[in-house]
Amino acid sequence: MSRLAELIAQLCPDGVEYRPLGEIGSFVRGGGLQKTDFVEQGKPCVHYGQIHTRFGIFIEEAVALVSDAQYDRLKRADYGDLLIATTSEDDEAVGKATAWLGSGEVAISGDMFYFRHSLDPKYVSYFFASSLFQEQKRPYLTGAKVRRISDKGLSRVRIPVPPLEVQREIVRILDRFTTLEAELEAELKARQTQYEHYRNHLLSYASLAAHGRVKWCALGDLVRICNGRDYKALSAGDVPVYGSGGVMTYVSDYLSVGPTVLIPRKGSLDNIYFVEGRFWTVDTIFYTEIDDALHPKFFFHYMKQMKLSRMNEAAGVPSMTQRKLSSIRIPIPSYEEQQRIADLLDRFDALVNDISSGLPAEIAARRAQYEHYRDRLLSFPEKAVSGSDAS
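Quick look at the structure, then.

Let us now look at the packing of aromatic side chains. Enumeration according to the criterion identifies 15 aromatic pairs in this entry. For the pair Tyr 198 and Phe 348, a centre-to-centre distance of 5.6 Å together with 50° between the ring planes defines the contact as tilted. Placement of the pair is Tyr 198 in helix α8 (residues 164–202) and Phe 348 in helix α13 (residues 335–353), with a sequence separation of 150 residues. Judged by relative accessible area, Phe 348 falls into the buried class, the value being 14%. Their ring planes at 20° and their centres at 5.4 Å tell us that Tyr 205 and Trp 216 sit as a pair that is stacked. In this pair, Tyr 205 sits in helix α9 (residues 205–209) while Trp 216 sits in strand β14 (residues 215–218), placing the two residues 11 residues apart along the sequence. Classification of Trp 216 as partly exposed rests on a relative accessible area of 40%. Through successive ring pairs, a cluster of aromatic residues spans Tyr 126, Phe 177, Tyr 370 and Tyr 373.

For the rest of this paragraph, the subject is the nonpolar core. As a rule of thumb, soluble globular proteins bury nonpolar side chains together. In terms of nonpolar packing, the biggest core is built from 40 residues, with Phe 128 and Ile 170 touching the most fellow members. The contacts of Ile 170, once residues within four sequence positions are left out, are Leu 4, Tyr 123, Leu 377, Leu 378 and Phe 380. With 38 residues, the next largest nonpolar core counts Val 214, Phe 299, Tyr 302 and Ile 332 among its residues.

Let's shift gears to unusual backbone geometry. A cis amide bond links Gly 258 to the next residue, Pro 259, at an omega of 20°. A positive phi angle, close to 60°, is found at Asp 111, a residue other than glycine. Taking the relative accessible area as the measure of exposure, Asp 111 reaches 26% and is therefore partly exposed. A positive phi angle, close to 55°, is found at Lys 307, a residue other than glycine. You can see Lys 307 is positioned in the loop between α11 (296–306) and α12 (322–327).

Let us look at the sheet that holds strand β9 (residues 97–100). Backbone-to-backbone hydrogen bonds join strands into a sheet, with any given pair of strands oriented parallel or antiparallel. Read across the open sheet, the 5 strands follow the order β2-β11-β7-β9-β4; overall the sheet is mixed. Among the strands making up the open sheet, the edge pair consists of β2 (25–29) and β4 (58–59). One ladder, built from 3 bridges, connects strand β7 (residues 82–85) with β9; its direction is antiparallel. The partner of Ile 84 across the bridge, within β9, is Ala 97. In the packing of helix α5 (residues 121–128) onto the sheet, contacts are made with β4, β7, β9 and β11 (112–117), and the angle to β9 comes to roughly 175°.

Another aspect to go through is the pairing of strand β22 (residues 285–290). It is a general feature of regular strands that their side chains alternate between the two faces of the sheet. Judged by how many residues are buried, β22 sits mostly within the fold: 5 of 6 residues are covered. Relative to β22, strand β15 (residues 223–226) runs antiparallel, the two being bridged by 4 bridges. Bridging across to β22, Cys 226 finds its partner in Tyr 287. Pairing of strand β19 (residues 260–264) with β22, which is carried by 2 bridges, proceeds in the antiparallel orientation.

Now for the pattern of salt bridges. Taken as a whole, this structure holds 16 salt bridges when the rule is applied. A salt bridge links Asp 91 to Arg 147; its shortest N-O distance comes to 2.8 Å. Of the two residues, Asp 91 sits in the loop between β8 (87–88) and β9 while Arg 147 sits in strand β12 (residues 147–148), which places them 56 residues apart along the sequence.

Look at helix α1 (residues 3–11) against α8: their axes get within 10 Å of each other, and the N-to-C directions meet at 165°. On the basis of their axis angle, the class for α1 and α8 is roughly antiparallel. Judged by the twist between their axes, the crossing of α1 over α8 is left-handed. Mapping the contact onto sequence places Arg 3, Leu 4, Leu 7, Ile 8 and Leu 11 in α1 and Glu 165, Val 166, Glu 169, Ile 170 and Ile 173 in α8. Classifying every residue of the contact of α1 with α8 by side-chain character gives 7 nonpolar, no polar and 3 charged.

Empty space among the atoms becomes apparent when a probe as large as a water molecule is rolled across them. In this model, the largest pocket occupies a volume close to 840 Å³. In terms of lining, the largest pocket is formed by 31 residues, of which the most central are Ile 57, Lys 96, Ala 129, Tyr 370 and Arg 374. Counting residues per element, the ones that place at least two in the lining of the largest pocket are α5, α6 (131–137), α8 and α14 (358–377). It is α8 that provides the largest number of residues to the lining of the largest pocket, a total of 6 residues. Among the residues making up the lining of the largest pocket, the classes are represented as 12 nonpolar, 8 polar and 11 charged. Roughly 220 Å³ of volume is contained in the second largest pocket. Taken together, Gln 192, Tyr 195, Glu 196, Arg 199, Asp 270, Asn 271, Ile 272, Tyr 273, Lys 304, Lys 307, Val 352 and Asn 353 make up the full set of residues lining the second largest pocket. At the level of elements, α8 and α13 are the ones that each hand at least two residues to the lining of the second largest pocket. Here the lining of the second largest pocket takes 4 residues from α8, the largest share from any one element. In the lining of the second largest pocket, the residues fall into 4 nonpolar, 3 polar and 5 charged.

Reading the values: rules and limits
Residues numbered from 1 in each chain as written. Predicted model: local features only at pLDDT ≥ 70, side-chain atom pairs only at ≥ 80, totals over all residues. Heavy atoms only, no water. Phe/Tyr/Trp six-rings, centres within 6.5 Å; stacked < 30°, edge-to-face > 60°. Helix = DSSP H or I, 4+ residues; strand = E, 2+ residues; numbered from the N terminus. Buried < 20%, exposed > 50% of the residue type's maximum accessible area, 1.4 Å probe, protein only. Core = buried A, V, L, I, M, F, W, Y, C linked by side-chain atoms within 4.5 Å. Contact = heavy atoms within 4.5 Å. Pairing = 2+ DSSP bridges. Axes fitted to C-alpha atoms, helices over the stretch in contact; angles between N-to-C directions. Salt bridge = Lys/Arg side-chain N within 4 Å of Asp/Glu carboxyl O. Parallel < 35°, antiparallel > 145°, perpendicular 65-115°, else oblique. Left-handed = near helix turned anticlockwise from the far one by under 90°. Nonpolar A, V, L, I, M, F, W, Y, C, P; charged D, E, K, R; others polar. 1 Å grid on protein atoms, 1.4 Å probe; cavity = no way out; pocket = protein on both sides within 12 Å on 5 of 7 lines; lining within 4 Å. Points joined across faces, edges and corners; volume = space filled by probe spheres on them.

So, in structure tokens, the structure goes:
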């Protein structure tokens, strides 16, 4: 029997009481803090946007500071309080929370609450990330484009309240999952940096020349750069339609057949795509017809490492012209060497970018496993309320 099962059998064999958040703590609304108020030296503060973008289950140190004078005027959370973002354009993100485990108080902005309670801080934070919380909060969301939740709505959400020892054991188990995920994400980041360094080295002229004769060619001599076309008159199908941001939709007809490299004309210029099979492109992204002397995957990897965004000269939306692309000069080693380099980079690329294999797939699998166990661990049989208790 696991330690958690032993604790449950010993401390709450008849189930666990579920209580409204409003009965076990209080919500305090922040306000009066904008990102423009951040200073280089001062006292710690948290803006609600940072809960969405910077923080996980808990934080021990703020990433922003506010002046001493403003800090004294703001609402301040203390150790163990839950910091809750109350607004978002995404329903799932409304109510995203993090436990404040820093030393001393921290000031908070508007569009957030701190929740002061007597439970294990990380236990409550894990609950706010759970499916049980997501399901209960939905009836209390308001607003059209910008969605919100009030303290009145949050107060009605019911949380299972096992004994403190059980809460802490659940936290210990879930912390192991989140630590492993963090380690995998750190490894992925390191591998991505390593991959970019390795790719840049392999595609450098010095490295290419070390393996044989290399000639320089204008891209326009080896690649025909073609404009995309409108697709809206086409019926739905299984042919992907690419724009500069990726696949936009699927249609029944096709513009061309790969292998091809897609290069944005406007927008995200560094989003280079390699496509095999049938495809369609809109007018914000070029497709290419590649000469037999140029290995398609070698061409793809070379264009990715070029960072075309650095060549943008447009004042508004980043853009690239056919003339500028055609004039780019690239080193061309033997076809065999192109194949060797493409194979090496394909393997590395799969390790750090492929969502069906490699580290991204492992991280996705670990995250799914964590979410499954988190929801299971936070689901208890509800303790029956006796007549005397109900009165």
